[in-house]
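Listed below, chain by chain, are the residues.
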Amino acid sequence: ADQRSVLFVDDEPDILVSIEDSLEPYRESWSMHFAAGGEEALKVLGQQRISLLVTDLQMPGMDGANLLAESRRRHPE
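Concerning the sheet that holds strand E3 (residues 52-55)
Reading across from one edge, E2-E1-E3 is the order of the 3 strands in this open sheet, with parallel pairing throughout. The open sheet has two edge strands with one neighbour each: strand E2 (30-35) and E3. Averaged over all neighbouring strand pairs, the angle between strand axes comes to 20°, with direction disregarded. With 6 bridges connecting them, strand E1 (residues 4-9) and E2 associate as parallel partners. Each bridged residue has a counterpart across the sheet, and for Arg4 the counterpart in E2 is Trp30. Docked against the sheet, helix H2 (residues 38-47) engages E1, E2 and E3, running at close to 165° with respect to E1.

In structure tokens form, the structure reads like this:
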């Protein structure tokens, strides 16, 4: 089966850990990736085929809205 690939982005590591823990039951059906901010997320997007991007909007540096706009520009698919 084609695994859905999800990227979660948050500048707070504790939040990423809690997301990963709570989604453990889906580990078999989803390929999950985690990034600690916008720049790191763009690196992951450049290396992996991501189906869904879930991001915190309030982050230092590149905020979530800018990340979504930039990811759409670089990876329209």
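Concerning the packing of aromatic side chains
Counting across every chain of the model gives 2 aromatic pairs. Aromatic side chains Phe8 and Phe34 sit 5.5 Å apart centroid to centroid with 20° between the ring planes, which places their arrangement in the stacked category. On the criterion of sequence distance, the pair formed by Phe8 in strand E1 and Phe34 in strand E2 is long-range, its members being 26 residues apart. Just as Phe8 is buried, Phe34 falls in that class too. Aromatic pair Tyr26 and Trp30: ring centres 5.0 Å apart, planes at 20°, arrangement stacked.

Topic: the side chain of His33
Topologically, His33 is positioned in strand E2. By relative accessible area, His33 is classed as buried at 16%. Only 3.2 Å separates the side chain of His33 from the side chain of Ser31, close enough to count as a polar contact. Excluding residues within four positions of it along the chain, His33 makes contact with Ser5, Val6, Leu7, Phe8, Val44, Gln48 and Ile50.

Focus on the packing of H2 against helix H3 (residues 64-74)
Contact geometry of H2 with H3 gives a least axis separation of 10 Å together with a crossing angle of 20°. It follows from the interaxial angle that H2 and H3 lie roughly parallel. Between H2 and H3 the crossing geometry is right-handed. Two secondary-structure elements touch here, H2 through Gly38, Ala41, Leu42 and Leu45 and H3 through Leu67, Glu70, Ser71 and Arg74.

Basis of the calculations
Residues numbered from 1 in each chain as written. Predicted model: local features only at pLDDT ≥ 70, side-chain atom pairs only at ≥ 80, totals over all residues. Heavy atoms only, no water. Pairing = 2+ DSSP bridges. Helix = DSSP H or I, 4+ residues; strand = E, 2+ residues; numbered from the N terminus. Axes fitted to C-alpha atoms, helices over the stretch in contact; angles between N-to-C directions. Contact = heavy atoms within 4.5 Å. Phe/Tyr/Trp six-rings, centres within 6.5 Å; stacked < 30°, edge-to-face > 60°. Buried < 20%, exposed > 50% of the residue type's maximum accessible area, 1.4 Å probe, protein only. Polar contact = N/O pair within 3.5 Å; in protein donor to acceptor, adjacent residues only side chain to side chain. Parallel < 35°, antiparallel > 145°, perpendicular 65-115°, else oblique. Left-handed = near helix turned anticlockwise from the far one by under 90°.

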